[in-house]
Amino acid sequence: MIVVTGAAGFIGSCLVAELNRRGRQDLIVVDHLEGDDDPKLRNLANKRYQRYYDKLEYLKLLRRDQFDFDVDCILHMGACSSTTLQDADYFQKNNFEYSCVVAEWALKNNVRLIYASSAATYGAGEFGYSDDEILIPQLKPLNLYGESKQKFDRWVLDRGLQKKMVGLKFFNVFGPNEYHKGDMKSVVAKAYDRVASEGKMSLFKSYDPRFKDGEQMRDFIYVKDVVDVMMFFMEDPAINGIYNLGTGHARSWNDLAHALFAAVGREPNIEYIPMPEILQGRYQYFTEAKMSRLRDVGYIKPFSSLEEAVRDYCSYLAEGKIL
């Protein structure tokens, strides 16, 4: 049996889709849904699994050690990924404490755990973007979300548990099944309809003299590549540690915009708008994953180029499809 937390969310539902594609239906899916009109329900509607648990019920069973399924692996994607939310108590409970309970149960029951960390832990990049575990304690995130992910990475490292589980520092993941994420949707998802109908889109102005407007750079990675890496770790339980998960190649927001215009057959028309004040002092102007450690443990597949990934994603957006 495989447990997927955050299973109705973006990456979690893509994981469930890939597991189904590989013939796995022995899945327990965990999430928190706001009733029958929760938009995330769509992400589970076409999936095959054994049972759904609400996150609170799942946590209760773990704490009491009454979760009595024969579990091989937990793919722990359940977390709040908002970079603007200012609720420290919520991040403490939902991201850090939740992950601790899942990890403790997995360790006690000898179950493989693969969990989501984040490139938000790198903050402004003062210490670079290396996933060398010796460097991780020095990192200084710029927001509460990044702090919650950093806190759990530190919890793992302080106990030497990186030798018994896998943490993945996701960089800028985008792709199908993120429609419900509101302000946290990727720029591709936010801009697609306007680009397709009006031939225009907006990007944030730069407030750093080192970067022109739209030339801020991120390591964009397609969700299908992310899922494939997670399958690699799930299938080889001898490999553990905390790893970056990006492409290793930073691209500008202008590059992303041009890829989107090309995918829908429009000439580029970009306007640069003010960045919200809440972001201005907490914005990552450059991220680029150092990917040598992942390659060194045997993951050799190439990642999709930005242009390939945007083109594929647009085929989903054009038809309103999900994975």
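Because the structure is predicted, anything quoted here is derived from the model rather than measured.

Let us look at the overall build of the protein. What the protein contains, in helices and strands, is 11 helices and 13 strands. Relative to the compact-globule value of 20 Å for 323 residues, the protein shows a C-alpha radius of gyration of 19 Å, a close match. Expressed along its principal axes, the backbone C-alpha trace of the protein runs to roughly 55 × 45 × 40 Å. Taking all 323 residues of the protein together, the buried fraction comes to 54%. For the protein, restricting intrachain contacts to residue pairs at least 6 apart in sequence, the fraction spanning at least 24 positions comes to 78%.

Across the sheet, which stays open at both edges, the 7 strands sit in the order S3-S2-S1-S4-S5-S6-S11 with parallel pairing between neighbours. Only two strands of the sheet have a single partner each, and these edge strands are strand S3 (51-54) and strand S11 (241-245). For this sheet, the mean angle separating the axes of adjacent strands, direction not counted, is 20 degrees. Across 4 bridges, the pairing between strand S1 (residues 2-5) and strand S4 (residues 73-76) is parallel. Bridged to Ile2 within S4 is Cys73. Lying over the sheet, helix H4 (residues 88-108) contacts S1, strand S2 (27-31), S4 and strand S5 (112-118), oriented at roughly 170 degrees with respect to S4. Contacts from helix H5 (residues 144-158) reach S5, strand S6 (166-170) and S11, with the element oriented near 140 degrees to S5.

Turning next to unusual backbone geometry. Of note, the phi angle at Asp65 is positive, near 55 degrees, even though the residue is not glycine. Structurally, the position occupied by Asp65 is in the loop between helix H3 (55-63) and S4. With a phi angle near 55 degrees, Asn110 is a residue other than glycine that sits in the positive phi range. Its location among the elements puts Asn110 in the loop between H4 and S5.

Our focus in this paragraph is the nonpolar core. The biggest cluster of nonpolar side chains holds 46 residues, and the ones touching the most others in it are Ile11, Leu75, Phe170, Met230 and Phe233. Looking at this core, the elements that each hand over two or more residues are S1, helix H1 (10-21), S2, S4, S5, S6, helix H7 (223-235) and S11. Here the element with the most residues in this core is H7; it accounts for 9 residues. What Phe233 contacts, discounting residues up to four positions off in sequence, is Arg112, Ile114, Val166, Leu168, Ile239, Tyr243 and Leu294. Among the nonpolar cores identified, the runner-up in size contains 30 residues, and Val30, Ile74, Tyr98 and Val102 belong to it.

Following the sequence through the fold, Ala79 ends up in the loop between S4 and H4. The class for Ala79 is partly exposed, based on a relative accessible area of 32%. Between the C-alpha atoms of Ala79 and Ile11, which are 68 residues apart in sequence, the distance is 11 Å.

How each quantity is defined
Each chain carries its own residue numbering, running from 1 in the written order of its sequence. Confidence filtering applies because this is a predicted model: local features only for residues at pLDDT of at least 70, side-chain atom pairs given and counted only at 80 or more, and all residues used for totals across whole chains, interfaces and linings. Hydrogens are left out, water is left out, and the side-chain values use all remaining heavy atoms of the structure. Secondary structure elements follow DSSP: runs of H or I of four or more residues count as helices, runs of E of two or more count as strands, with numbering from the N terminus. Here the globule rule reads 2.2 Å times residues to the power 0.38, and the radius of gyration is calculated from C-alpha atoms. Relative accessibility under 20% of the residue-type maximum defines a buried residue, over 50% an exposed one, and the middle range a partly exposed one, all with a 1.4 Å probe and only protein chains included. Only heavy atoms matter for contacts: two residues are in contact if any of them lie within 4.5 Å across the pair. A pair of strands counts as paired when DSSP detects no fewer than two bridges linking them. Angles run from 0 to 180 degrees between N-to-C directions of axes, and those axes are lines fitted to C-alpha atoms, restricted for helices to the stretch in contact. Among buried residues, the Ala, Val, Leu, Ile, Met, Phe, Trp, Tyr and Cys ones that are joined through side-chain atoms within 4.5 Å form a nonpolar core.

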